[in-house]
Amino acid sequence: MTLHGDTLKDAIGRTRDKWGWFVALGVLLLIFGGIAFGNLFIATVASVYVVGWLMLMAGIIEIVHPFGVKTWSRFFYWLLSGLLYAVAGFFAFDNPLLASTVLTLLLAVALVASGALRAWVGYSHRPEKGWGWVVAAGLISVLAGLTIAMGWPVNSLWVLGLFLAIDLIFQGWSFIALGLALKK
């Protein structure tokens with residue numbers, strides 16, 4: 001066995017003793033996912049606050065960064081970029097409903113664009129095995145994006161919360177499955 005294989009085996013062995021923590025985390029994530037499904041509006045607002053917090057933190061970092069940059073042209077670029085991020089973060093906190101509308105539209109556009117690109121890449125690899133699955137996944141993403149766009153802006157009150165709830169539930173089941181697999 002190689003050194004890499006031994007390292008991996010050791011890591012799995014150390015992790016195996018903690019299988020219960022993975023299951024507990026999975027159950028907790030499932031509970032949070034159920035709560036999010038129970039009130040998609042609150043979950044949407046919570047997801048907007050998380051995005052706002054991340055943008056605010058990125059803005060602060062980008063505002064501090066230019067003081068280490070030596071050229072004035074880049075100084076103002078980083079400073080302006082950081083200010084824009086910080087303003088967007090404050091905007092998300094100040095008006096989460098409007099921010100959810102903007103984020104939902106951006107999500108729809110991103111799904112359509114990434115789905116179309118994925119379908120095109122899959123189609124351009126036609127002779128290779130599995131190309132149809134890539135095209136199908138791309139088309140599903142395009143349809144999801146178009147569905148969101150057709151219901152916009154009304155669906156902005158629940159779409160982000162729905163995505164959060166689905167993600168929490170899938171993550172929960174994944175951690176439970178991992179913990180039970182480590183136990184065996």
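Residues numbered from 1 in each chain as written. Predicted model: local features only at pLDDT ≥ 70, side-chain atom pairs only at ≥ 80, totals over all residues. Heavy atoms only, no water.

A. A look at the overall build of the protein. Broken down by element type, the protein carries 7 helices and 0 strands. Counting from the amino terminus, helix and strand elements in the protein follow one another as α-α-α-α-α-α-α. In terms of overall dimensions, the protein is more spread out than a globule: its C-alpha atoms have a radius of gyration of 22 Å, far above the 16 Å expected for 184 residues. Based on the C-alpha atoms only, the size of the protein along its principal axes is roughly 55 × 45 × 45 Å. (Helix = DSSP H or I, 4+ residues; strand = E, 2+ residues; numbered from the N terminus. Rg over C-alpha atoms; globule rule 2.2 N^0.38 Å.)

B. Fine view of the packing of helix H5 (residues 96-124) against helix H7 (residues 159-183). Where H5 meets H7, the closest approach of the two axes is 9 Å, and the angle between their N-to-C directions is 65 degrees. Between H5 and H7, the residues in contact are Ser100, Leu103, Thr104, Leu107 and Leu111 and Val159, Leu160 and Phe163, respectively. Residues belonging to the contact of H5 with H7 are distributed by class as follows: 6 nonpolar, 2 polar and no charged. (Axes fitted to C-alpha atoms, helices over the stretch in contact; angles between N-to-C directions. Contact = heavy atoms within 4.5 Å. Nonpolar A, V, L, I, M, F, W, Y, C, P; charged D, E, K, R; others polar.)

C. Representation of the environment of Ile176. By the secondary structure assignment, Ile176 is in helix H7. Ile176 sits in the buried class, given a relative accessible area of 11%. Placed 157 residues apart in sequence, Ile176 and Trp19 show a C-alpha to C-alpha distance of 8.8 Å. Residue contacts for Ile176: discarding those within four places in its chain leaves Phe22, Val23, Gly26, Val27 and Leu30. (Buried < 20%, exposed > 50% of the residue type's maximum accessible area, 1.4 Å probe, protein only.)

D. Looking closely at the packing of aromatic side chains. Applying the stated criterion to the full structure yields 6 aromatic pairs. With a centroid separation of 5.5 Å and 20 degrees between ring planes, the pair formed by Tyr49 and Phe93 is classed as stacked. Of this pair, Tyr49 sits in helix H3 (residues 40-64) while Phe93 sits in helix H4 (residues 72-94); the two residues are 44 residues apart in sequence, bridging distant segments of the chain. Among the residues examined, Tyr49 registers a relative accessible area of 35% and is labelled partly exposed. Given a relative accessible area of 30%, Phe93 falls into the partly exposed group. Ring geometry for Phe67 versus Phe75: centroids 5.3 Å apart, planes at 75 degrees, classification edge-to-face. Put simply, the rings of Phe67, Phe75 and Phe76 pair up and form one aromatic cluster. Across from the ring centre of Tyr123, 4.2 Å away, lies the NZ or CZ of Arg126, which sits over that ring. (Phe/Tyr/Trp six-rings, centres within 6.5 Å; stacked < 30°, edge-to-face > 60°. Lys NZ or Arg CZ within 6 Å of the ring centre and 35° of its normal.)

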